[in-house]
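Inside the fold
Each chain is listed here by its residues.
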Amino acid sequence: MPLFQAAIVARIFHKDITKPKDQTGLHKKNIQNHNLYNDTTNTFDEKKLKKRPNARKTSECEKKSLQSCGSSSNKSSINSGGNDLKLKISFYLANMPGNGPGSTDVFFKQDGQRFNEQHTIKLATCSNYQVKMEIEPMTELTFFKLGGMDIKFEKVTNTANDTKLVYQLFWSTAGISTTMRKFRTDVPCTIKFKKYKKINFKFQVKFYSSNDRKRSELGKKLNSIDLECTIGRGSYTSSVDCKTFN
């Protein structure tokens, strides 16, 4: 074999063996995953995790969503066709007193563009949380699923504002593993309102050990998480248009 052909073969062979690929054909350093929730065991499966790249560009769709957040003049109104509805859903989280010494407040941290979302909720394992939902305009909630589990909820009397419906529910983090360092856990949530299609979204969370509660109480106090949503029926879909941490 001529010398230059041997050199080319050697270079190709070296290139193939220095960048092993996984079963999907992607280089391992390019796999982008958070912790995944396992619906069958009600635990978060960290065996499927891969570290995300340090930087992530904001897509044009995300930029448009962020720019339009809070700028719509017809929020909480039905469109002319009557097939979709603009809603504002506000979540208020509280740490139950029975979780041990510490504040009843819930905290969050700002992660920038290191993960799928810029904000991460900080929660403790083996703990109970109270969640209140304010829905404006008044729209009847029929289904709530969090972390792969159906959650019971109850309507709360709201005398302060007759334009909102308020619901209350309780969620336990028992059986959930702590989130590994430099990872985040995506907690899926599904909500359905009467006569409208269900809406799916995720909360980005970091779970700390209940024995290390002080770390989960560092950061900014979480007053509320506000979602501006469009829920649809017929050929119209449901989606989250904007998510804001306050």
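Please read all numbers here as calculations on a predicted model, not as lab measurements. (Residues numbered from 1 in each chain as written. Predicted model: local features only at pLDDT ≥ 70, side-chain atom pairs only at ≥ 80, totals over all residues. Heavy atoms only, no water.)

**What about the sheet that holds strand β11 (residues 185-193)?**
In spatial order, the strands read β8-β7-β11-β12-β5-β4-β13; together these seven strands make up an open sheet with mixed pairing. Each edge of the sheet is formed by a strand with only one pairing partner; in this case those strands are β8 (149-150) and β13 (220-221). As defined by bridge partners, β11 adjoins strand β12 (residues 199-208) across seven bridges and the pair is classed as antiparallel. Bridging from a neighbouring strand, P188 pairs with K202 of β12. (Pairing = 2+ DSSP bridges. Helix = DSSP H or I, 4+ residues; strand = E, 2+ residues; numbered from the N terminus.)

**Details of the side chain of S216**
When you line up the elements, S216 lands in helix α3 (residues 213-216). At a separation of 2.7 Å, a polar atom in the side chain of S216 contacts the main-chain carbonyl oxygen of R213. Those residues in contact with S216 that lie beyond four places of it in its chain are F107, K122, L123, A124 and Y208. (Polar contact = N/O pair within 3.5 Å; in protein donor to acceptor, adjacent residues only side chain to side chain. Contact = heavy atoms within 4.5 Å.)

**Regarding the packing of aromatic side chains**
Aromatic rings in a pair are described by how distant their centres are and how their planes are angled relative to each other. Under the counting rule described, the total for this entry stands at six aromatic pairs. With a centroid separation of 5.6 Å and an interplanar angle of 85°, the aromatic rings of F153 and Y167 are classed as edge-to-face. On the criterion of sequence distance, the pair formed by F153 in strand β9 (residues 153-156) and Y167 in strand β10 (residues 165-172) is long-range, its members being 14 residues apart. Among the residues examined, Y167 registers a relative accessible area of 3% and is labelled buried. Ring pairs connect the aromatic residues F91, F201 and F203, which therefore count as one cluster. (Phe/Tyr/Trp six-rings, centres within 6.5 Å; stacked < 30°, edge-to-face > 60°. Buried < 20%, exposed > 50% of the residue type's maximum accessible area, 1.4 Å probe, protein only.)

**As for the sheet that holds strand β3 (residues 84-95)**
Within the open sheet, the six strands sit side by side as β9-β10-β6-β3-β14-β15. Their pairing is antiparallel. The sheet is open, and its two borders are formed by β9 and β15 (239-245), each paired with just one other strand. Here the strands of the sheet are splayed against their neighbours by 25° on average, with no regard to which way each runs. The pairing of β3 with strand β14 (residues 225-232) spans eight bridges and is antiparallel. For F91, the partnering residue across the bridge sits in β14 and is I225. (Axes fitted to C-alpha atoms, helices over the stretch in contact; angles between N-to-C directions.)

**Quick word on the pattern of salt bridges**
Side chains that carry opposite charge are capable of pairing whenever their charged atoms lie near each other. Per the stated rule, a full pass over the model turns up eight salt bridges. Two residues, K243 and E117, come together in a salt bridge whose shortest N-O distance is 3.0 Å. You can see K243 sitting in strand β15 and its partner E117 sitting in the loop between β4 (107-110) and β5 (119-124), a full 126 residues away along the chain. Relative accessible area serves as the criterion here: at 22%, K243 is assigned to the partly exposed category. Residue E134 is joined to K164 by a salt bridge in which the shortest nitrogen-to-oxygen separation is 3.3 Å. Of this pair, E134 sits in strand β6 (residues 128-136) while K164 sits in the loop between β9 and β10, placing them 30 residues apart in sequence. (Salt bridge = Lys/Arg side-chain N within 4 Å of Asp/Glu carboxyl O.)

**Remarks on the pairing of β4**
On any regular strand, side chains alternate: one points to one face of the sheet, the next to the other face. Pairing geometry for β4 and β5, over four bridges, is antiparallel. Its bridge partner lying in β5, Q110 is registered against H119.

**Section: unusual backbone geometry**
Here the amide bond leading from E136 into P137 is cis, since omega sits at 0°, within 30 degrees of zero. Look at C126: it is not a glycine, yet its phi comes out positive at around 50°. By the secondary structure assignment, C126 is in the loop between β5 and β6. When its relative accessible area of 54% is taken as the criterion, C126 is described as exposed.

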